[in-house]
Amino acid sequence: MSSRRSVIKNIVAGTAGIGLLGASQQALAKAMEDQPLKGNINHSVCRWTYDFLSLEELCVLAKEIGIKAIDLIGPKDWHILKKHGLDSSMCNGAEINLVDGWNNKDNHAKLIQSYTEHIELVSKAGYKNLIFFTGNRRGMDDETGMQNTVEGLKKIVGLAEKKGVVLQLELFNSKINHKDYMADKSAWGVDMCKRIGSENVKLLYDIYHMQINEGDVIRTIQDFHSYFGHYHTAGVPGRHEIDDTQELNYPAIMQAIVKTGYKGYVAQEFIPLATDKIASLKDAIRRCDV
C-alpha cells in the first residue's frame, strides 16, 4: 500500500491541473482504508475521461481507490492492464467510429472482418465485453436500421457465443451529444436484442445518455435489466461529477442495479471539472458503493 501511495503522490505532484497536495491525498487514501468498499458494485473507470494521466498512472490510481477495471481499452494497451492486475471491462477498437455503424449495410463487410478479428483477440486475452455502435440515421428510418443491424450482427454472433464474448451496443442520447444516432432509446435496443435472441448481445446502458433522452432510469433498469450488460455514469446536465450539483440520485440507481442481481461492471464516465480530479473519482466510487 505504501508504495502505491508514493506513486499516487508523484502522479498528483506531476500532473498539471489536478492541484491535489500530497497530504490531502494521504488523508483521502487513509479514509478509504478505514471504510473498505462493500463489494456489491464492481467499479470501473473510462480511460478517456482521465486521459490527463498516462494509462500506467491511471492503473495505479485505480488500484489505490479499489477500482477493478478500466473501460474502453483496445488490444494495444491490454498488456498494461495485465501488468497491474486490472480487467478490461469494455474492450474497443473493432468499431469504425461512432457514426458509421451496423445500421448501414455498406459498413457490414468492414465491420464483420474487424469484429471477427477482435472477438478472437478479446477471447484470447481472457476478457468478455466488446462494444459496438449502430451509427447515425442519415435519413434512414428506425425499422430499416434495425433490420440492417440485426442482419449484420447475426453473421458474427455465433463466433461471439463460441468464444464467450458479449457484444454490447452503447445507447447514446441524440438530443445533446450524439445528434442523429440511431440507438437513442432503450426500447430500440431491447427490440434489437430480442430479434437477435442471443445472451451474447447486450446493451451498454449509459445512465447519463438515457436520462437525457428518456428519463425514468430506475424503472427502465427494473424492467429491462436482463438486456443490460454494462453501465456507464455521468452527471446530468453537463456530463460532469455525479455529486450534489446534478439531478440524478446515483446511490438510488446503484441500489436498483444491485437488486437486479447484476454482477458486471459500473464504469465512471464523467468529465471531471473540479481542480481536484482525483478526489472527484474517489467521491464517485463512494457514492456508487452501495
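It should be noted that the structure appears before, not after, this text.
Residues numbered from 1 in each chain as written. Predicted model: local features only at pLDDT ≥ 70, side-chain atom pairs only at ≥ 80, totals over all residues. Heavy atoms only, no water.

## Considerations on the packing of aromatic side chains
Cut-off, in case you're wondering: For Phe, Tyr and Trp, rings pair up if their centres lie within 6.5 Å, where Trp contributes its six-membered ring, and each pair is then called stacked (planes under 30 degrees apart), edge-to-face (over 60) or tilted (otherwise). We count a stretch as a helix when DSSP gives it H or I for four or more residues in a row; a strand needs E for two or more, and each element gets its number in order from the N terminus. Buried means the residue's accessible area, taken with a 1.4 Å probe over protein chains only, is under 20% of the maximum for its type, while exposed means over 50%, and partly exposed covers the values in between.
Counted under the stated rule, the structure contains 10 aromatic pairs. With centroids separated by 6.2 Å and ring planes inclined at 90°, the aromatic side chains of Tyr50 and Phe270 adopt a geometry described as edge-to-face. Of this pair, Tyr50 sits in the loop between strand E1 (42-46) and helix H3 (55-65) while Phe270 is found in the loop between strand E8 (265-268) and helix H12 (277-288), placing the two residues 220 residues apart along the sequence. Residues Tyr50 and Phe270 agree in their burial class; the two are buried. Taken together, a centroid distance of 4.5 Å and an interplanar angle of 20° make the contact between Tyr205 and Phe228 stacked. Here the residue Tyr205 occupies a position in strand E6 (residues 201-206), and Phe228 occupies one in strand E7 (residues 228-233), the gap between them amounting to 23 residues. Among the aromatic residues, ring-to-ring pairing joins Tyr205, Phe228, Tyr231 and Tyr262 into one connected group.

## Topic: the pairing of strand E5 (residues 166-170)
As a reminder, the rule being used: In short, DSSP must find at least two bridges between two strands for them to pair.
Judged by how many residues are buried, E5 sits mostly within the fold: five of five residues are covered. Taking every second residue as pointing to the same face, both faces of E5 are buried, with Val166, Gln168 and Glu170 on one and Leu167 and Leu169 on the other. With four bridges connecting them, E5 and E6 associate as parallel partners. Residue pairing in the sheet places Leu169 in a bridge with Leu203 of E6.

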